[in-house]
Number of protein chains: 2
Amino acid sequence: MGGATTREQIVEAADQLFYRQGYEHTSFAAIAQAVHISRGNFYYHFKSKDDILGAVIAARLDARRRMLKQWEAEEADPLGRIRRFVEIVVTNRADIQSYGCPVGTLTTELAKLEHPALDQAGGLFTLFRAWLREQFTRLGHETQADALAMHVLAFSQGVATLAHAFRDEDFIRREVQRMHHWLSRYAADPDSATGAVPDDTASANA
Amino acid sequence: MGGATTREQIVEAADQLFYRQGYEHTSFAAIAQAVHISRGNFYYHFKSKDDILGAVIAARLDARRRMLKQWEAEEADPLGRIRRFVEIVVTNRADIQSYGCPVGTLTTELAKLEHPALDQAGGLFTLFRAWLREQFTRLGHETQADALAMHVLAFSQGVATLAHAFRDEDFIRREVQRMHHWLSRYAADPDSATGAVPDDTASANA
DNA sequence: CATCGCGTAGGACGACTGTCCTAATACTCC
DNA sequence: GGAGTATTAGGACAGTCGTCCTACGCGATG
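Quick caveat: nothing in here was measured; it's all calculated off a predicted structure. (Residues numbered from 1 in each chain as written. Chains lettered and ligands numbered in written order. Predicted model: local features only at pLDDT ≥ 70, side-chain atom pairs only at ≥ 80, totals over all residues. Heavy atoms only, no water.)

## Observations concerning the protein's contact with DNA strand C
Logical step 1: The environment of DNA strand C is made up of 15 residues, and the closest members are G40, Y43 and K49 of chain A together with Y44 and H45 of chain B.
Logical step 2: Here the atoms of DNA strand C within 4 Å of the protein split so that 64% fall in sugar or phosphate, with bases taking the remainder.
Logical step 3: Take F28 of chain A: an N or O atom from its main chain is 3.0 Å from a phosphate oxygen of DNA strand C.
Logical step 4: H45 of chain B is positioned with one of its side-chain polar atoms (N or O) 2.7 Å from a phosphate oxygen of DNA strand C.
Logical step 5: Here the surface near DNA strand C is built from residues that sort into four nonpolar, nine polar and two charged. (Near = heavy atom within 4 Å. Polar contact = N/O pair within 3.5 Å; in protein donor to acceptor, adjacent residues only side chain to side chain. Nonpolar A, V, L, I, M, F, W, Y, C, P; charged D, E, K, R; others polar.)

## Remarks on the interface of chain B and chain A
Logical step 1: Facing 57 residues of chain B, the contacting portion of chain A comprises 57 residues.
Logical step 2: The junction of chain B with chain A conceals about 4800 Å² of combined surface from both sides, 60% of it contributed by carbon and sulfur atoms.
Logical step 3: For the interface between chain B and chain A, the tally reads zero salt bridges.
Logical step 4: Joining chain B to chain A, the criterion identifies 12 residue pairs in polar contact (both at pLDDT 80 or more).
Logical step 5: Mapped onto the side of chain B that touches chain A, the elements with two or more residues apiece are helix 1 (6-21), helix 5 (78-91), helix 7 (102-112), helix 8 (118-138), helix 9 (145-166) and helix 10 (169-188) of chain B.
Logical step 6: Along the lines of polarity and charge, the residues of the side of chain B that touches chain A split into 22 nonpolar, 22 polar and 13 charged. (Contact = heavy atoms within 4.5 Å. Buried area = accessible area lost by both parts, 1.4 Å probe. Salt bridge = Lys/Arg side-chain N within 4 Å of Asp/Glu carboxyl O. Helix = DSSP H or I, 4+ residues; strand = E, 2+ residues; numbered from the N terminus.)

## Thoughts on the domain arrangement of chain A
Residues and elements named next belong to chain A.
Logical step 1: Taken domain by domain, chain A comprises domain 1 (1-47) and domain 2 (60-204).
Logical step 2: Using only C-alpha atoms to locate each centre, domain 1 and domain 2 end up separated by 30 Å.
Logical step 3: Residue-level contacts link seven residues of domain 1 with 11 residues of domain 2.
Logical step 4: Between domain 1 and domain 2, a total of about 810 Å² is buried, with carbon and sulfur atoms accounting for 54% of that surface.
Logical step 5: Summed over the shared surface of domain 1 and domain 2, the result is one salt bridge.
Logical step 6: The shortest N-O distance in the salt bridge between R60 and D15 comes to 2.8 Å.
Logical step 7: Linking domain 1 with domain 2 are five residue pairs in polar contact (both at pLDDT 80 or more), by the criterion used here.
Logical step 8: For the side of domain 1 that touches domain 2, the per-class residue count stands at three nonpolar, one polar and three charged. (Domains from an automatic or database assignment.)

## Considerations on the packing of aromatic side chains
Logical step 1: Under the definition given, this model contains 16 aromatic pairs over all chains.
Logical step 2: Between F125 of chain A and F166 of chain B the ring centres are 6.0 Å apart and the planes differ by 55 degrees, which places this aromatic pair in the tilted class. Highlighted residues: F125 of chain A in helix 8 (residues 118-138) and F166 of chain B in helix 9, drawn from two different chains.
Logical step 3: Through a chain of ring-to-ring contacts, the aromatic side chains of F28, F42 and Y43 of chain A assemble into a single cluster.
Logical step 4: Here the guanidinium or amino end of K49 of chain A rests over the ring plane of Y23 of chain A, the centre of that ring lying 4.6 Å away.
Logical step 5: When the ring centre of F166 of chain B is taken as origin, the NZ or CZ atom of R129 of chain A, which lies over that ring, is 4.6 Å away. (Phe/Tyr/Trp six-rings, centres within 6.5 Å; stacked < 30°, edge-to-face > 60°. Lys NZ or Arg CZ within 6 Å of the ring centre and 35° of its normal.)

## Description of the confidence of the model for chain A
Logical step 1: Overall, the predicted model of chain A reaches an average pLDDT of 92, with 91% of residues at or above 70.
Logical step 2: Across residues 197-206 of chain A, confidence stays below pLDDT 50; counting only partners more than four residues off in sequence or on other chains, it has 13 contacts. (pLDDT = per-residue confidence, 0-100.)

## So, the UniProt feature "DNA-binding region" (unreviewed entry) in chain A
Logical step 1: Here the UniProt feature "DNA-binding region" (unreviewed entry) sits at residues 27-46 of chain A.
Logical step 2: Note that residues 27-46 of chain A is 60% helix and 0% strand, and that its end C-alpha atoms are spaced 14 Å apart. (UniProt positions renumbered as here; feature names shortened; annotations may be inferred.)

## Topic: the protein's contact with DNA strand D
Logical step 1: What surrounds DNA strand D is a group of 15 residues, the closest being Y44 and H45 of chain A together with G40, Y43 and K49 of chain B.
Logical step 2: Take the atoms of DNA strand D that sit within 4 Å of the protein: sugar and phosphate atoms are 63% of them.
Logical step 3: The contact in question runs from a phosphate oxygen of DNA strand D to an N or O atom on the side chain of H45 of chain A, over 2.6 Å.
Logical step 4: A class-by-class count of the residues in the surface near DNA strand D yields four nonpolar, nine polar and two charged.

Here it is as structure tokens:
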């Protein structure tokens, strides 16, 4: 913190504020107050608010990439790596309950604003999707790897959204257990686990 | 449409705009343009923007309640009713892919704004949660009914968020099939279905 | 026809927003 | 110490926001 560049401080403060208050709702004045610099001076470091957003997303992408690299280093087993991802909602339960998922909420907001940086923010989802897909591929589920990656992503988004809405920590832990259980089944025998739908599946519907 | 009150027209237009563009991002000017009335004249019908939001949420609650009532009338089987809920993400796939879930995105936005109407909007989640809980109770899963209701809610939120981010209709259908499959298993034998975690479950984690 | 009141139009208001400009400061190297 | 660059402060700008006010149109009632 002490040795951080002014630019880095701005990005970090903006990151936090965008996460907690949303992008549009966060004004330059609020960021300036957080970094203790004057409002007009932003334009020495960034040429617009969108520019700050771009830097924030880039920083988040960097941080996530580093996180995934570390998981890969600490966990050789692909299944263990996937479990690490599943555990995120527990690890970050405090922030998630207060502010939701940083990736999901930002993407949703930028979509509603029709903001040009939406694609860049979508890269955060794509990053996790590709990483999970690779882990499932290594597990031997090559053909379904992408669908499984999406399923795990959907799990985390669903849990984050509801944990945020109801501020329910027990719910998070229950759902994580459920997902761990499903992963165990799926790793042992893909066909036995719920969701390994045969190719027809006309409709189990009413 | 033709016979609708000006007030009703305002609420309907605001509902659509809040959904598509977000609450904060939607200005009075935008609503006025949609309803073809003058901007300043809003305050004859509503005393503030928050007041419009309150009316929009109330209208959404009404509509959802009517929808659930209709499901109950058309579908006597609790399992069939739950499947109807699961099918929402398919039925509304176009809007969901374009704008996300109306309940989830509104709740998330109001939370970030620290808006007083957040609790009111949370009532939309609570409505579905209680309704699903009752269906699971009738299915005989009384003790787990609330947890199961939350699980189904999380499913819908996760699917909506990702379908929105990736605009992927096939993903929606896959996940819906997966959920139908899980429901079939769970209804037949709760212990066999993934997620029926025993009470200890120290850690399936690595 | 006159009166009343509901509904509307359109502009004015202060407060904010992101942006830009200019003057002053801090720091570095000769 | 002085010159030059890097960084900052603070105000001015035009635009938009939610809000409020006043005057006008219009239909019903007497």
